[in-house]
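Structural characterization, general
Chain by chain, the residues run as shown.
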Amino acid sequence: DAGVTQSPTHLIKTRGQQVTLRCSPKSGHDTVSWYQQALGQGPQFIFQYYEEEERQRGNFPDRFSGHQFPNYSSELNVNALLLGDSALYLCASRQISTHKLNYGYTFGSGTRLTVV
Amino acid sequence: SQELEQSPQSLIVQEGKNLTINCTSSKTLYGLYWYKQKYGEGLIFLMMLQKGGEEKSHEKITAKLDEKKQQSSLHITASQPSHAGIYLCGADLLGSARQLTFGSGTQLTVLP
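Residues numbered from 1 in each chain as written. Chains lettered and ligands numbered in written order. Predicted model: local features only at pLDDT ≥ 70, side-chain atom pairs only at ≥ 80, totals over all residues. Heavy atoms only, no water.

1. Overview of the sheet that holds strand 7 (residues 64-68) of chain A
Residues and elements named next belong to chain A. Ordered by their spatial adjacency, four strands build an open sheet running 1-3-8-7, and the pairing between neighbours is antiparallel. Only two strands of the sheet have a single neighbouring strand rather than two, namely strand 1 (5-7) and strand 7. Along the sheet, successive strands turn relative to each other by an average axial angle of 20°, direction set aside. Relative to strand 8 (residues 74-78), strand 7 runs antiparallel, the two being bridged by five bridges. Its bridge partner lying in strand 8, Gly66 is registered against Leu76. (Pairing = 2+ DSSP bridges. Helix = DSSP H or I, 4+ residues; strand = E, 2+ residues; numbered from the N terminus. Axes fitted to C-alpha atoms, helices over the stretch in contact; angles between N-to-C directions.)

Have a look at this one:
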């Protein structure tokens, strides 16, 4: 049973460019959340998608946007990249209908984004 | 200041020693979660605590929740090199079940 799959695993972009990161949730999961983890820090919540809509958003600028597709997969887009956007981007999924709390989140291995 | 404070930031222990990691919240906890992360990798779920006084164990790892103090501790007994990694506490601070707030992590090194 495949877990959460993220692509690509590593990425190098130039300041000012745009980037798209992809996430396939665990089989049976319908909710996807994205987190940013800077070096030496804990993950920070970016946003959550359910039923193809953004349900909650953390303290991130509009340069960060996302999308969820009918097959529950998701994309994270970041425009006008800054050096400070360099981080590990984690995707987490769960099945919202069976879990009232945050129990049951499965995390992917992340995409390491380096902005130069 | 961070909403979830973890201590210590790093820990180096000899194999076989016991250790404790603490996580303190500045806000009401609706759920407290412990994860383990190998450097640059995703998070592995360890345990979830919801009720004050709750205690859970998995193999040699025990986690407790003190709701009054809004604090949780993670205790590892007879540490092994396989326990090495970054331990993160995460919490639902909004009661929304939509996002986790994480501490900055504890880097654990176990010397053989």
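2. Focus: the pairing of strand 8 (residues 71-76) of chain B
Residue and element names in this part refer to chain B. Judged from the six bridges that link them, strand 3 (residues 19-25) and strand 8 form a sheet pairing that is antiparallel. In the sheet register, Leu19 faces strand 8, and the bridge partner there is Ile76. Pairing geometry for strand 7 (residues 61-66) and strand 8, over six bridges, is antiparallel. Bridge pairing in strand 8 places Ala63 opposite Leu74. Adjacent in sequence and paired antiparallel, strand 7 and strand 8 are bridged by four residues, among which Gln70 carries a positive phi angle near 50°.

3. What about the pattern of salt bridges?
Residue and element names in this part refer to chain A. If you walk through the whole model with that rule in mind, you get six salt bridges over all chains. Here Glu54 and Arg57 are joined by a salt bridge, their closest N and O atoms 3.1 Å apart. Given a relative accessible area of 35%, Glu54 falls into the partly exposed group. For Arg57, a relative accessible area of 26% corresponds to the partly exposed category. (Salt bridge = Lys/Arg side-chain N within 4 Å of Asp/Glu carboxyl O. Buried < 20%, exposed > 50% of the residue type's maximum accessible area, 1.4 Å probe, protein only.)

4. Some thoughts on the state of the cysteines
Residue and element names in this part refer to chain B. What the rule picks out here adds up to two disulfides over all chains. Here Cys23 is linked by a disulfide to Cys89, with a sulfur-sulfur distance of 2.0 Å. Judged by the torsion about the S-S bond (75°), the Cys23/Cys89 disulfide is right-handed. Placement of Cys23 in strand 3 and of Cys89 in strand 9 (residues 85-91) is noted, with a sequence separation of 66 residues between them. We classify Cys89 as buried; its relative accessible area is 0%. (Disulfide = S-S within 2.5 Å.)

5. Notes on the sheet that holds strand 7 of chain B
All names here are of chain B. Read from one edge to the other, the open sheet built from five strands follows the order 1-3-8-7-6, with strand pairing classed as antiparallel. Strands with a single pairing partner mark the edges of an open sheet, and in this sheet they are strand 1 (4-7) and strand 6 (55-58). Pairwise comparison of adjacent strand axes, ignoring direction, gives a mean angle of 15° for this sheet.

Purely geometric stuff here, so don't read any function into it on its own.
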